[in-house]
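So you can see what is in the structure, the chains are spelled out below.
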Amino acid sequence: MARSSYLTRRDGRYHIQIRFSSTLMPLIGRPLYRASLQTSDYRLALLRLAECLGWFHRMNDSADYVALFQKNTKELQIYLRDSWPITDERLFARACFEDLLKGLNRKARAINCDPDMIEPEFSKLLKLFIQQNVEAEAYQRKAERVIEYERGRSDMRAAIEFGAVPTSFQQPASLAAPSVIPYTSSPAPSDNLIPTSTSPIFSVALAEYLETADGSKDSRRDVELIVQFLIDQMGDNPVHQFSAENAKQLDQMLPDIPDRARIPRDQCTSLSTRYAYAQQYGWEKLKRLTEARLRNGYHNSLSKFFGWLIQKDYYKQPKPIFNTVSGKNLTSLTRDAFEYDEIVKIFSQPLFQGCKTEKQIWQPGKVFVQSHLYWGYIILILHGMRIGEFGQLDASHIKEVDEVFYFDLRSFDPEKGRVPLEEVVKLKTSGSERIIPIHPLVLELGLLDRVKELKQRGCTALFPEWEPYPKPNGEIRWGQPITKSWQYLKQKIGIQRANVTAYSARHSYAQFLDSTGISNRGRNMLMGHSIRNDIPAHYGSKKRLSPRDLKELTETSSREIQFMTETLLATKEKADAGELSIVKPWLQRTNWSEFYRQKFG
């Protein structure tokens, strides 16, 4: 059989050896990729090589760090969806990919290229990837031990049956070693893995909880994190063995889990590694968790999990109570609205005054580009939308009622009847559904022209260049473009207040509403706040404000809105007069995000 050109043999073992492309080589810093395949078996070497070639070839046509880290982020998302248990060949390829990413990450940061500025989720995904690899390797070792143990027991039984073992070496049945039950981190609920000791081990119970329990994906993720911490610290024991003393000990440990900040990446793969790092190196440079994170995150998650265990009859003791918070844990920061001088700094930037090119939007120049970020900052401040709501805006969300244009933020149009659940727009809660009058400034700046031009090209999305982010659990997050740009903009304009974020736009809108004489029902409707316990508020029109509230909203202004109006309209007039070059890259399909290219394909 001919040997693959990517294989070399040295000292009896096979190695992978592939040349980096001319564009990738300067980014990596070496011409060849070499790694031992850790086997002298040619067939196994081919299997491991095949697994590595996938991610290597996808990386190899990258021309810059932006393309490289974008591809690697997508590759990480693919790997994080691997089914369990992970095969030997797949795990080997994952380990090679992990080593390459660590080196690439260090090299990029050494030349002041922060991967998180390119892909904000890269570091988080890499941590999860490393953690998965560690768990997979641990499981593989445990499986090997179990197999060897069972093989030994089988051999011993055969020896006893043949009379090859003297009677003096045979153990009484009551002293025989207990059966070892292998488990995975995510077995199917139907797997018969519950030991005869009346309850499953914690990892099996956790896997069943994640498969069957109610709640959002984020809440289940919190349960997974903290129960894994319990397993790491106290062992993967049967659930019924968890005592009141164990609960007290765990409760005392939780406040000593540090925040991720300033912990090396390789020590930040789980709550346990973070806890161990703080125990070893002390708290001098570390930051503690907030009280809200402890209470709403970990205490609440453990309470949910043990409540579920009791409901399933796996845990027959009283429900443990977790409530310990250290005086050294931090307070939470309540977000604040933008101040006037911060609004001035934001809308004095080149994106709103004239930028260098369609991509160099934060450098001054003679180009006028009303990109998704341009509209993002304006619409969020003037309408108080959540960032995820803004990212999903479609032409169907703009309605005209009695000559007033509204953003119709409802999961579907009830006037057209019921729709399948898969077609419903995902909002934060059912109480988030609302209608918001579109501010006259947004109409004057030409939002409706953008809608019309995109419709002519077969696109109903308002911002097709917007790239949503798929989380490892499959959930789509819509806020990345704004939050990513905000991290840069905040540093650029020198906003120092820690309680100011991109979400402050929503607080600014709430502050504006408070300056009007709008009714409480109207305020709740515009903010998308729940009216579940306010029965009278459920009655009335669902698609327009009352005439009084509409008048209050349209006839009231503020110093911030006045500045935005004067500044933005002045720049628009310059563009219309030809003093600035108008460019519209979003009208070209090639500039749409991959999500929208597929959606309107």
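This text goes with the structure placed above it.
In this text, all values refer to a predicted model and were calculated from it rather than measured experimentally. Within any chain, residue numbers begin from 1 and follow the written order of that chain's sequence. Predicted model: local features are reported for residues with pLDDT of at least 70 only, side-chain atom pairs are reported and counted for 80 or more only, and whole-chain, interface and lining totals are derived from all residues. Calculation of side-chain values draws on the structure's entire complement of heavy atoms; hydrogens and water are dropped beforehand.

With respect to the packing of helix 2 (residues 42-59) against helix 3 (residues 65-79)
Right, so step 1: Between helix 2 and helix 3, whose axes approach to 9 Å, the crossing angle comes to 150°. Judged by the inter-axis angle, helix 2 sits roughly antiparallel to helix 3. As helix 2 packs across helix 3, the resulting crossing turns out to be right-handed. Listed contacts from helix 3 to E51, W55, R58 and M59 of helix 2 are L68, K71, N72, E75 and Y79.
Right, so step 2: All residues other than Ala, Val, Leu, Ile, Met, Phe, Trp, Tyr, Cys, Pro, Asp, Glu, Lys and Arg, Gly among them, are scored as polar; the first ten of these are nonpolar and the last four charged. Across the contact of helix 2 with helix 3, the residue classes tally to 4 nonpolar, 1 polar and 4 charged. Only C-alpha atoms enter the line fits that serve as axes; for helices the fit covers just the stretch in contact. Angles between N-to-C directions range over 0 to 180 degrees. Only DSSP runs of H or I reaching four residues or more are called helices, and only runs of E reaching two or more are called strands; each is numbered from the N terminus. Should an angle lie under 35 degrees it is considered roughly parallel, over 145 roughly antiparallel, and from 65 to 115 roughly perpendicular; all remaining angles are considered oblique. Should the near helix be turned counterclockwise from the far one by less than a right angle, the crossing is left-handed, whereas a clockwise turn marks it as right-handed. Residue contacts are defined here by distance: any two heavy atoms, one from each residue, within 4.5 Å place the two residues in contact.

Considering the pattern of salt bridges
Right, so step 1: A pairing counts as a salt bridge when a side-chain nitrogen of Lys or Arg comes within 4 Å of a carboxyl oxygen of Asp or Glu. Counted according to the given criterion, the structure contains 17 salt bridges.
Right, so step 2: Put simply, E291 and R295 hold a salt bridge, and the shortest N to O gap is 2.9 Å. Pair noted here: E291 and R295 are both in helix 11 (residues 291-311), with a separation of 4 residues, about one helical turn.
Right, so step 3: Looking at E291, the relative accessible area reads 36%, which means it is partly exposed.
Right, so step 4: Relative accessible area decides the class of each residue, using a 1.4 Å probe on protein chains only: under 20% of the type maximum gives buried, over 50% gives exposed, and in between gives partly exposed. Assessed through its relative accessible area of 37%, R295 is described here as partly exposed.
Right, so step 5: Here K584 and E453 are joined by a salt bridge, their closest N and O atoms 2.9 Å apart.

Some words on the sheet that holds strand 2 (residues 13-19)
Right, so step 1: Here the rule is simple: two strands pair whenever DSSP picks up at least two bridges between them. In spatial order, the strands read 1-2-3; together these 3 strands make up an open sheet with antiparallel pairing. Because the sheet does not close on itself, it has two edges, and the strands there are strand 1 (7-10) and strand 3 (32-36). The mean inter-strand angle of the sheet, taken between neighbouring strand axes irrespective of direction, is 30°.
Right, so step 2: Of the pairings in the sheet, the one linking strand 2 to strand 3 comprises 5 bridges and is antiparallel in character. Across the sheet, I18 pairs through a bridge with Y33, a residue of strand 3.
Right, so step 3: Contacting strand 1, strand 2 and strand 3, helix 2 crosses the sheet at an angle of about 25° to strand 2.

A look at the packing of aromatic side chains
The geometry of two aromatic rings is summed up by the distance between their centres and the angle between their planes.
Right, so step 1: Two aromatic rings from Phe, Tyr or Trp, using only the six-membered ring of Trp, form a pair when their centres are within 6.5 Å; if the ring planes differ by under 30 degrees the pair is stacked, by over 60 it is edge-to-face, and anything between is tilted. Within this structure, the stated rule accounts for 33 aromatic pairs.
Right, so step 2: Note on W478 and Y596: the rings are 6.2 Å apart at their centroids and 50° apart in plane angle, and the pair reads as tilted. A residue pair is termed long-range when its members are at least 10 positions apart, and W478 in the loop between strand 9 (476-477) and helix 18 (480-493) and Y596 in helix 23 (residues 594-599) qualify at 118 residues.
Right, so step 3: Under the relative-accessibility criterion, W478 is labelled buried at 12%.
Right, so step 4: Owing to a relative accessible area of 2%, Y596 belongs among the buried residues under this scheme.
Right, so step 5: Put simply, the rings of F202, Y209, F242, F305, F306, W308, Y314, Y315 and F322 pair up and form one aromatic cluster.
Right, so step 6: Distance and angle both matter: a charge sits over a ring if NZ of Lys or CZ of Arg is within 6 Å of the ring centre and within 35 degrees of the ring normal. Its end group placed over the ring of W283, R288 keeps NZ or CZ at 3.7 Å from the ring centre.
Right, so step 7: Sitting over the ring of W586, R450 keeps its end group 4.4 Å from the ring centre.

So far we have only geometry, and geometry alone does not tell us how the molecule works.
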